[in-house]
Amino acid sequence: MQFTSVRKLVGVCALAALVAASAPPVRFAQAAHPLDGDPTPATCGPLGFSSDDGGGANSSYGYRGRGVAQPMMAPPPPPPPPPPPPPPPPPPPPPSDPSSVAEVTVTGQKRTENFQSVPIAVTAIGGAETTERYPGAAPNPVKRVADEPVSTFSIDVDTAAYTNARRFLQDGEPPPRDSVRVEEMVNYFDYAYPRPATAAEPFRPFVAVTPSPWSRDRQIIHIGLQGYDIPRTQRPPLNLVFLIDTSGSMSSDDRLPLAIKALNVLIGQLRPQDRVSIVAYAGSAGAVLGPTDGAQKLKMRCALQSLHSGGSTAGGAGLSLAYALAQQSFRKDAVNRVILMTDGDFNVGLSDPRGLTSYVADKRTSGVYLSVYGFGRGNYQDTTMQALAQNGNGTAAYVDSLEEARRLFSRDFAGSAFPIADDVKIQVEFNPARVSEYRLIGYETRMLKREDFNNDRIDAGEVGSGVSVTALYEITPVGAHPSSDPLRYGAQPSGLSPTAGPGSELAYLKVRYKMPGGAESRLMARPIAAADSYGSVAAAPEQTRWALAVAGYGQRLRGDPWLEPSFGWDQIVDLAQGARGEDPFGERAEFVQLARAAKSVGAAGR
């Protein structure tokens, strides 16, 4: 990133922040106006918005998709007056204000190795190169317990990879290998694990050990964490900033129009105690709606309806202004979050994924988190989206349809809006007397060093209310044929009896987490023992069989070398069909159809 680009960003963002700060305070709509309804010219006009003039010029926070928004005056009765003269330029920034500089300074101090060390993959779709970008992470290798007995990773509750693969398969094409993150596919589904009783201990662990369905002589350790579901009456208020990409690349129906529909679903979930601001960005950033209480749903819908696409993508300036508005309404007792809706194509100002991740990593220390929702196809920038969400203490999802928007912002809204734990890490120590090898399935971009587990300064994943986390290890028991030859001169495991005490355990599971906003982590731990084992896949719990089917699907899509040729799409479908259980929204039935589609488009055997 060039130094001159940073200087330009500082100027643009400081100007945007000053304009937003100088705008007149937002007055909530009077009771005479409807609180909700359809955003039409007749209903939006009295609220200061025009939904049919190309950009809401009558709004008190009007925005035309270009340039920095300027405070505008409310319109008099019709006929409409001519446009008001341009306002005078804003005053220059104070000569020395460290806080304003901090809003836009990129420090590079936070840990972002997960993406700095991963190559970027250019994707070819349908035989032609596109501009879509994905983190090119190789599948986790098999590791010898004698060499590395401890495995550590940050949890991941993102779901973007599942829905992104779905849109490829529904378009009749196999998804790019680098777009497949197996853990995001597994964690797309609810497993109905036993729930914790109280918020004091926000997780309840679930463990099952079963033979591997795709590799002889190996076993699967299934680890599940079920999060506490905060009762509706106890959920904290929300302070949300909708940050919406209105650049020219967002013009198609599956981008800005779908993003507006998705946010309208979210607006329907708001309560009077919640607050929402709206920022749009194209060539530069502007505030469309100042902090507005959750009862004023129609006003929010009108603000969204006024948005139109056009211009280049100044994502860095948009982020800066969104964080500034979030800080303006910041409450320690609230959930303070920026919700970014974009295709990830940042091409003006601060656009390098590494610089962006450092910026949002700095901002999360202020208590404002970032969640990212991706849209579109052909130039979808998954690398940027993942980097932002992972470093902003938020989730990443891909919205491919209105039905997916309803799932994310209605049925699963609490899981993405109300955190129950921050910096959640999992560490598993394998017993060399029982396990000779292991392989973590997925989580390639979430791996941590062993010493990171006890370091509370190391960032990890966030878990929301009622959300479950699932992880799968494939292990080779001692005595089974290993993947690699034993060392001729290596030390042999010894010391513990395999029949009693710690020697009878397969592994030891530890979970470390912080309460939301906390600085010190807490520890949960339990052994994984013979009592957790099942003699066959058929005898394993429904949750385990379903997780195995989805993990097999993801590994087969990615072309992982660990699946035997005999475990193909037909076996994945059969395993899933036997574990569908209750499926009130048809998500598991849809998965079966996707597995069949993967076979038909030639994804088998890649």
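Residues numbered from 1 in each chain as written. Predicted model: local features only at pLDDT ≥ 70, side-chain atom pairs only at ≥ 80, totals over all residues. Heavy atoms only, no water.

**What about the overall build of the protein?**
Condition: Per the convention used, a helix needs a DSSP run of H or I reaching at least four residues, while a strand needs a run of E reaching at least two, with both numbered from the N terminus. Remark: exposure states derive from per-residue accessible area (1.4 Å probe, protein chains only) relative to the maximum for the residue type, with buried under 20%, exposed over 50%, and partly exposed in between. Residues are treated as being in contact if the distance between any of their heavy atoms lies within 4.5 Å. Using a 1.4 Å probe, accessible areas were evaluated by the Shrake-Rupley method; residue-level cover was limited to the displayed protein chains.
Secondary structure summary: the protein contains 16 helices and 18 strands in total. Residues classed as buried in the protein amount to 56% of the 606 residues present. Restricting the contact set of the protein to residue pairs at least 6 apart, pairs at least 24 apart contribute 79%. By element, 54% of the accessible surface of the protein is carried by carbon and sulfur atoms, the whole surface being about 24400 Å².

**As for the environment of Ser521**
As a reminder of what qualifies: N or O atoms within 3.5 Å of each other form a polar contact, as long as, within protein, one can give a hydrogen and the other can take it, and as long as residues adjacent in sequence are counted only when both atoms are side-chain atoms.
Position of Ser521 among the secondary structure elements: in the loop between strand S17 (507–514) and strand S18 (522–528). Spatially, the C-alpha atoms of Ser521 and Val511 are 9.8 Å apart, while their sequence positions differ by 10 residues. Residues in contact with Ser521, not counting those within four places in the same chain, are Asp456, Arg512, Tyr513 and Lys514. Only 2.7 Å separates the side chain of Ser521 from the side chain of Asp456, close enough to count as a polar contact. Of the polar contacts made by the side chain of Ser521, one reaches the side chain of Arg512; its length is 2.9 Å.

**Re the sheet that holds strand S5 (residues 203–211)**
Which entries qualify depends on this criterion: At least two DSSP bridges between two strands are needed for those strands to be called paired. Note on geometry: axes are lines fitted to C-alpha atoms, helical ones only across the stretch in contact, with angles between N-to-C directions running from 0 to 180 degrees.
What the five strands build is an open sheet, ordered S3-S14-S16-S6-S5; its pairing is antiparallel. Edge positions in the sheet fall to strand S3 (143–144) and S5, since each has one partner strand and no second. Pairing of S3 with strand S14 (residues 435–440), which is carried by two bridges, proceeds in the antiparallel orientation. Within S14, the residue paired with Arg144 across the bridge is Glu437. Together, S5, strand S6 (219–227), S14 and strand S16 (468–477) form the strand contacts of helix H14 (residues 542–558), whose direction differs from that of S5 by roughly 70 degrees.

**Side note on the state of the cysteines**
Note the threshold: The disulfide definition used here is simple: a pair of cysteine sulfur atoms within 2.5 Å.
In the structure shown here, the tally under the stated rule is one disulfide. For Cys44, the disulfide goes to Cys302, at an S-S distance of 2.0 Å. Negative torsions about the S-S bond denote left-handed disulfides, and the value of about -85 degrees found for Cys44 with Cys302 makes this one left-handed. You can see Cys44 sitting in helix H2 (residues 41–44) and its partner Cys302 sitting in helix H8 (residues 297–305), a full 258 residues away along the chain. As far as the burial class goes, Cys44 and Cys302 line up, both buried.

**Examining the sheet that holds strand S12 (residues 396–398)**
Pairing is mixed across the open sheet formed by six strands, whose spatial order is S9-S8-S7-S10-S11-S12. Since the sheet does not close on itself, it has two edges, and those belong to strand S9 (285–293) and S12, each with one partner. With direction set aside, neighbouring strand axes in the sheet form an average angle of 15 degrees. Packed onto the sheet, helix H7 (residues 256–267) meets strand S7 (238–245) and strand S10 (335–342) and runs at close to 170 degrees relative to S7. Helix-sheet contacts for H8 involve S7, strand S8 (275–281) and S9, and the interaxial angle to S9 is about 170 degrees.

**Brief notes about the side chain of Lys425**
Just so we agree on the cut-off: Note on charges: Lys and Arg go in the positive column, Asp and Glu in the negative column, and His and the chain ends are not counted at all. By definition here, a salt bridge exists when the distance from a side-chain nitrogen of Lys or Arg to a carboxyl oxygen of Asp or Glu is within 4 Å.
Counting through the fold element by element, Lys425 comes out in strand S13 (residues 419–430). The buried charged residue Lys425 lacks any salt bridge partner; its closest oppositely charged side chain belongs to Asp456, at an N-O distance of 5.1 Å. A distance of 3.5 Å separates the side chain of Lys425 from the backbone oxygen of Ile458, its partner in a polar contact. Once you skip the residues sitting within four places of it in the chain, Lys425 turns out to touch Phe153, Leu448, Asp452, Phe453, Asn455, Ile458, Ala460, Lys510, Val511 and Arg512.

**Comments concerning helix H9 (residues 315–328)**
Let me state the cut-off plainly: Multiply 1.5 Å by the residue count of a helix minus one, and that product is the helix's expected span.
Along its 14 residues, H9 runs 20 Å from first to last C-alpha, staying within 8% of the 20 Å computed at 1.5 Å per residue. Of all 14 residues in H9, 11 are buried, a share of seventy percent or more.

**So, the pairing of S10**
For S10, the buried fraction is high: eight of the eight residues fall into the buried class. By the alternation rule, side chains of S10 split into Val335, Arg337, Ile339 and Met341 and Asn336, Val338, Leu340 and Thr342, which are all buried. Judged from the seven bridges that link them, S7 and S10 form a sheet pairing that is parallel. Bridging from a neighbouring strand, Ile244 pairs with Met341 of S10. The sheet contact formed by S10 and strand S11 (residues 369–374) spans six bridges and is parallel. The residue of S11 that forms the bridge with Ile339 is Ser371.

**Description of the nonpolar core**
The criterion, for reference: To form a nonpolar core, buried Ala, Val, Leu, Ile, Met, Phe, Trp, Tyr and Cys residues must be joined to one another through side-chain atoms within 4.5 Å.
Core analysis: the biggest nonpolar cluster contains 78 residues, and Phe242, Phe430 and Tyr473 have the highest contact counts within it. When residues no more than four places from it in sequence are discounted, the contact partners of Phe242 are Leu263, Leu266, Ile267, Val276, Ser277, Ile278, Val279 and Ile339. Val180, Tyr191, Ile220 and Ala598 belong to the second largest nonpolar core, which has 40 residues in total.

**Notes on the packing of aromatic side chains**
For the record, the criterion: Centres within 6.5 Å make a pair out of two Phe, Tyr or Trp rings, where for Trp the six-membered ring is used; the pair is then stacked when the planes are under 30 degrees apart, edge-to-face when over 60, and tilted otherwise.
Scanning the entire structure with this criterion turns up 22 aromatic pairs. An angle of 65 degrees between the planes, with centres 6.4 Å apart, marks the rings of Tyr134 and Tyr380 as edge-to-face. Separated by 246 residues along the polypeptide, Tyr134 in strand S2 (residues 128–135) and Tyr380 in the loop between S11 and helix H11 (382–391) bring together distant segments of the chain. Each member of the pair, Tyr134 as well as Tyr380, is classed as buried. Relative to Tyr438, the ring of Phe430 lies with its centre 4.4 Å away and its plane at 15 degrees, an arrangement referred to as stacked. Each member of the pair, Phe430 together with Tyr438, is buried. Here the aromatic residues Tyr162, Tyr188, Phe189, Trp546, Tyr553, Trp569 and Phe591 are joined through ring pairs into a cluster of three or more.

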